Structure formats: structure tokens, C-alpha cells
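# Observations on chain architecture
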Amino acid sequence: MAEICNTLVLFGATGDLARRKLYPALYEMAIDDRLPDKVIGVARRDWDAGQLVENVRDAIEEFSDESIDEATFGQLADVILYASGDYREPETYHEIARQLSREDRVLFYLSVPPSLFETVVGLLAETELAAGSHVVVEKPFGRDLESSRRLNRCLLEHFDEDAIFRIDHFLGKEEVLDLLVFRLANTFLEPAWNRHYIDRVEITMAESFGIEGRGGFYEEVGALRDVVQNHLLQLVSLVAMEPPVSADAESLRDEKVKVLKAIPRISQDQIVCGQYRGYRDEKGVDAESEVETFVAMKFYIDSWRWAGVPFYIRAGKKMATTATEILIEFARPPRLFFARSDAPQPHPNHLIFRTKPGERVSISAEIKEPGEELISRSVDLVYDYDEDREGARDDAYARLLVDALEGDHRLFARADGVEEAWSVFENILDDLGPVYEYQPGSWGPEEADRLIEGPEGWHRPETEE
């Protein structure tokens, strides 16, 4: 584990990510008495520390689930400093240095556009601020394999791998972490967690809303770069990885990288892309845009455990509901003795992890139908997180900020993992094939149905929406 940092320097202190995620996270850290000694905000605006404190208060009031306690907020306000300046000018970094002391062990958080990563890292090195410090880099880690390698070379030129934290807040979510624990801490799952008993794995990340005013951003990335290449491949890794030799960061990351290496490069015939009707009318979107807002794909993992098991991924905007679910569908029994002869075959046993909303884990099973006949019916055995979470706080950014300050890499990506994830899509990134239009409120374009095997089609998460 890397050395513990006691100072956070936040580039992008007046930006949207800081307001929506980082300041509420810092407030949670204040509640738990886990704040660093200093939080130095860095941005272009000609503010002082007092103005930043007011901005932090406004952000917590708007975006935090917690109501403000003045004593707790006072603890946060007391550690906030501010450095105003252009990220491209060395004087900005000299101003940061003037606010640091010899005792400060610094974690630099780069909440800046990807185009500025290399500039900021280079100037941190040039002004000798990088020496002995750690750095957090927000996704996306490049936009393809070549750019991710270039970014990694830049980072590794000035920071050791142990000092680099590539953050994806998705990995800090309680339910995502529980997928790992549920899988590896329960002996009854291991004998069946393989190609002999699992028929398919399906991951859906559906959002009923659109791009919410982020037209310029979405035109640059699209659905594949936004959530599939990172978030959903991380979920695939957690489902498919071998048990690590220990729970330390390197052992966990070793096994996740092995999964990515075992996925053959995706080709055009394995993917279907869509764009919701009305996307081109959004602010900041090209009137003839071919950017995808929906992606579905099918692939296999060439490992002893998973050979022949199809993995399906689907993600989209303006879908029928908002839900992220992982479906593990088991094989049917060799003979269905107790199924009704006059009804459709019962659905195979399955395990579902829902990470949002209404987070829960459910296992389907067949039991006897009440009455005289010896026939079966399906029931779901459900664990609901909300029933066990009263008073608990599990903000993903708060968890990850604390881990980064404490030098714990377990929930952060490693350089080779980032590059392997981009490699999966290397053959198609420049040409995803046709982009089919679909109706808002649907489950995406009908063309995606050709990817899925079996008469039941795609799993459709049920929510209260």
C-alpha cells in the first residue's frame, strides 16, 4: 500500500464534477472525520478561498443526501484553500507550492478535460510538485488504445504506478463491491460458477433519460466509450475473474486483467448500435450525427471456466426504464418432471444483481405449486439493500477519495488493465457499423434482437417506473 497523503489538491475546483460529486463526498468524509489536512482548489476563476467555500456549501445543499450540520461543515471549510490560475501557466503551480509545506504529502486530483491531462502532469513535474506525490486521473483514460498508451506513458514518466489512481466511481458502489464478495465468499456458488452450469451472462445498463444537456461531450464519446468500455467491462471482470490468491490490490487486479486478455477482439458482426429519435435535436449535437446512444454486443471469454458461454452487454439512453442489472442464467435441468404440460417452460434458475435503482440480489428457484398436483412454480429469494442500510453512507466518491488518500489501489485501474480494455474494441472503434434509430421509451433498436440466443430474448429489468 502506498504512503498516506494528508493534502488534496483539486484541479477543476469550480467544475461540474466537483460540484455534483466531489464536494458532497468531502462532506461525507467530514461526517466520518476522514478529511485531509488541506483541500486546495485550483481553477481559472478569480476567486478566493471564501468564495470557493460558498460554492462548496451550495453544491452540498443541491447534490448531497445529507442535510448540512454547521459544525461538520465548519470542519470542511477550515481546510479549504484556493489557487487561481491557468492550468497551462507555470505560475499557477508556483501558487500551489506556496500553499504547501514540507509536511504535506499531496494527492493531485485531475478533474480536468482529458486534453489537459498531459499538460497538467508535465507542469507538475516541471515545477517539482510531482516528486513524492500521488495523482488521481478521471475517466476516460484516453479515447482509444493509442491515446491510453500515450497517457500512461506520460503518467509513468513522472509518477510510479503505485502513485497513480485511475478512478472509475462505478467501482466504488456498494452493490458492485458486493458482487465480488457474494461471488467469492459463498462456497455454494463456486461449483456452479462455470460453463457446465451457467448458460449465459447478461448485463444491462438502461437509462430512461437522455444526454441531459451534455451534447458536446456525448458527440465526442458515445455510449461505447462512455459506459461500455469502462463500467460494463469492469462488471464483466468481476463476474468472470478467477479467485485471487489474496484480497490485496495487485492480486485482484491481476485476475481482472486476465479476463480482459481472454476476450477476443470484438468485430462488427458482434455489435449493434442505435441512436434515440430526437438525439440530433439536442443542444450541441450535429444535425447529421451518427454517434451511438445505444450499444448491444455478444462475445465470449476464451478461458477454461467460460469457454462457450455467451456474454451479452447492453447499454442505452432513453430506454424503457432506468436499471443496471447483471443476470446469471443457469442451465435448465436435463428433464422438467414438474413443469406444466399446458404452459410455457419455466424460466431457468437465475441470479440477478441489481446495482440501481432499488439495489438488491435475487435468486430464482422452483418450488411446489400449492394444491394436489405435483407441479412447480418459480419464486424469487431476494435480499434488499434498503432494508439493511438505515443510517449508512456509501457514497462511491467518498469511498474512493479515502482509498486514494490512504494509498489503497484495490478499486482503481492499473495501466495494463486500461490498455487491455481498449484493446477489446480496437478493431471497431473507428467504424461501429450502422447506427439504427429507436424510439425513446423502448428497449433499443429491434436489430439488437439478432444477437441474443433463445426464444426469450433480452432480459428486461422490472422497475417501478
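This text follows the structure it describes.
Every chain is numbered on its own, with residues counted from 1 as its sequence reads. pLDDT decides what is reported in this predicted model: residues at 70 or higher carry local features, side-chain atom pairs at 80 or more are listed and counted, and totals for whole chains, interfaces and linings draw on all residues regardless. To get the side-chain values, take all heavy atoms of the structure and skip hydrogens and water.

## Description of the overall build of the chain
Rules: What counts as a helix is a DSSP run of H or I of at least four residues, what counts as a strand is a run of E of at least two, and both are numbered from the N terminus. Computation of the radius of gyration draws on C-alpha atoms alone. For the globule rule, the value is 2.2 Å times the number of residues to the power 0.38. The classification of residues rests on relative accessible area computed with a 1.4 Å probe and restricted to protein chains. Under 20% of the type maximum is buried, over 50% is exposed, and intermediate values are partly exposed. We call two residues in contact when some of their heavy atoms are within 4.5 Å. Reported accessibility uses the Shrake-Rupley method at a 1.4 Å probe radius. Residues are deemed covered only where the shown protein chains occlude them. Only four residue types enter the tally: Lys and Arg on the positive side, Asp and Glu on the negative side; His and the chain ends are excluded. Lysine's charge is taken at NZ, arginine's at CZ, aspartate's at CG and glutamate's at CD.
For the chain, the count of helices and strands is 11 helices and 15 strands. The C-alpha atoms of the chain give a radius of gyration of 24 Å, which matches the 23 Å a tight globule of 465 residues would have. Across its three principal axes, the chain shows a C-alpha extent of roughly 80 × 50 × 40 Å. Buried positions account for 54% of the 465 residues belonging to the chain. Long-range contacts, defined as pairs at least 24 residues apart, comprise 77% of the intrachain contacts of the chain with a sequence gap of at least 6. Carbon and sulfur atoms make up 46% of the accessible area of the chain, which totals about 21500 Å². Side chains of the chain give 52 positive and 92 negative charges; the mean places of these two sets differ by 3 Å.

## Some points on the layout of surface pockets
Put simply, the rule reads: The method works on a 1 Å grid over the protein atoms by themselves. A cavity is a set of points holding a 1.4 Å probe that cannot get out, a pocket is an open set with protein on both sides within 12 Å along at least five of seven lines, and residues with an atom within 4 Å of a point line them. Grid points are joined across faces, edges and corners, and a volume is the space filled by probe spheres set on the points. Each residue gets one label: Ala, Val, Leu, Ile, Met, Phe, Trp, Tyr, Cys and Pro are nonpolar, Asp, Glu, Lys and Arg are charged, and the others, such as Gly, are polar.
There is about 430 Å³ of room inside the second largest pocket. Taken together, 20 residues line the second largest pocket, and the ones lying closest to its centre are H350, I352, D380, H459 and E462. Of all the secondary-structure elements, those providing two or more residues to the lining of the second largest pocket are β12 (350-356), β13 (360-368) and β14 (376-384). Counting residues per element, the lining of the second largest pocket draws most heavily on β14, at four residues. For the lining of the second largest pocket, the residue count by class is five nonpolar, seven polar and eight charged.

## A short note on helix α6 (residues 145-158)
The condition that has to hold: One less than the number of residues in a helix, times 1.5 Å, gives the span that helix is expected to have. For the purposes of these results, a polar contact is taken to be a pair of N or O atoms within 3.5 Å, where, inside protein, one atom must be able to donate a hydrogen and its partner to accept one; residues adjacent in sequence count only when each atom of the pair is a side-chain atom.
Along its 14 residues, α6 runs 21 Å from first to last C-alpha, staying within 8% of the 20 Å computed at 1.5 Å per residue. Those residues of α6 lying buried are L145, S147, S148, L151, N152, C154 and L155. Where α6 is buried, its residues meet α5 (117-126), β5 (134-138), β6 (164-167) and α11 (415-424). Near the N-terminus of α6, the side chain that reaches the backbone nitrogen of E146, with its oxygen 3.4 Å away, is that of D144.

## Remarks on the sheet that holds strand β3 (residues 80-84)
Which entries qualify depends on this criterion: When DSSP finds two or more bridges between a pair of strands, those strands are recorded as paired. Note on geometry: axes are lines fitted to C-alpha atoms, helical ones only across the stretch in contact, with angles between N-to-C directions running from 0 to 180 degrees.
Taken together, six strands build an open sheet; the order of strands is β3-β2-β1-β4-β5-β6 and the sheet is parallel. Two strands in the sheet have a free side with no partner beyond their single neighbour: β3 and β6. Averaged over all adjacent pairs, the angle separating strand axes in this sheet is 20°, with direction ignored. Note: strand β2 (residues 38-43) against β3, five bridges, orientation parallel. Across the sheet, residue A43 finds its bridge partner in β3, namely S84. Each of β2 and β3 is contacted by helix α3 (residues 70-79), which is oriented at about 40° to β3, the strand it contacts most.

## Re unusual backbone geometry
At D33, a position not held by glycine, the phi torsion is positive, near 55°. Tracing the sequence through the fold places D33 in the loop between α1 (16-31) and β2. With a relative accessible area of 66%, D33 lands in the exposed category. Its identity is not glycine, yet E128 carries a phi of approximately 65°, on the positive side. Relative to the elements of secondary structure, E128 occurs in the loop between α5 and β5.

## Overview of the environment of A97
Relative to the helices and strands, A97 resides in helix α4 (residues 90-98). Assessed through its relative accessible area of 34%, A97 is described here as partly exposed. Sequence separation of A97 and T127 is 30 residues, and the distance between their C-alpha atoms is 8.6 Å.

## A word on empty space enclosed by the protein
Taken as a whole and judged by the stated rule, the model has two cavities of 30 Å³ or more. Together, 20 residues line the largest cavity, and Q234, A413, G417, V418 and A421 are the ones closest to its centre. Those elements that provide at least two residues to the lining of the largest cavity are α8 (215-240), α9 (249-261) and α11. Sort the elements by how many residues they give to the lining of the largest cavity and α8 lands first, with five residues.

## Observations concerning the packing of aromatic side chains
Under the convention used in this document: Any pair of Phe, Tyr and Trp rings, taking the six-membered ring for Trp, is counted once the centres come within 6.5 Å. Such a pair is stacked with planes under 30 degrees apart, edge-to-face with planes over 60 apart, and tilted for the rest. We count a charge as sitting over a ring when the NZ of a lysine or the CZ of an arginine lies within 6 Å of the ring centre and within 35 degrees of the ring normal.
In this structure the tally under the stated criterion is 13 aromatic pairs. Within the aromatic cluster, the residues linked to one another by ring pairs are Y218, Y276, Y279, F294 and Y438. Positioned over the ring face of F73 is R57, at 4.4 Å from the centre of the ring. Here the guanidinium or amino end of R195 rests over the ring plane of W304, the centre of that ring lying 5.9 Å away.

## With respect to the environment of E3
Topologically, E3 is positioned in the segment before β1 (7-11). Sequence separation between E3 and A415 is 412 residues, and the spatial gap between their C-alpha atoms is 19 Å. Once residues within four sequence positions are removed from consideration, E3 is found in contact with R105, H134 and L405.

## Some words on the packing of α1 against helix α2 (residues 49-63)
Note the threshold: Comment on the angle field: the value is read as roughly parallel under 35 degrees, roughly antiparallel over 145, roughly perpendicular from 65 to 115, and oblique elsewhere.
Between α1 and α2, whose axes approach to 8 Å, the crossing angle comes to 95°. With respect to their mutual orientation, α1 and α2 come out roughly perpendicular. Contacts between α1 and α2 involve R19, R20, Y23, P24 and Y27 on the former and, on the latter, L52, N55, V56, D58, A59, I60, E62 and F63. For the contact of α1 with α2, a count of residues per class yields eight nonpolar, one polar and four charged.

## Observations concerning the pairing of β13
Pairing geometry for β12 and β13, over four bridges, is antiparallel. If you follow F353 over to β13, its bridge partner there is V361.

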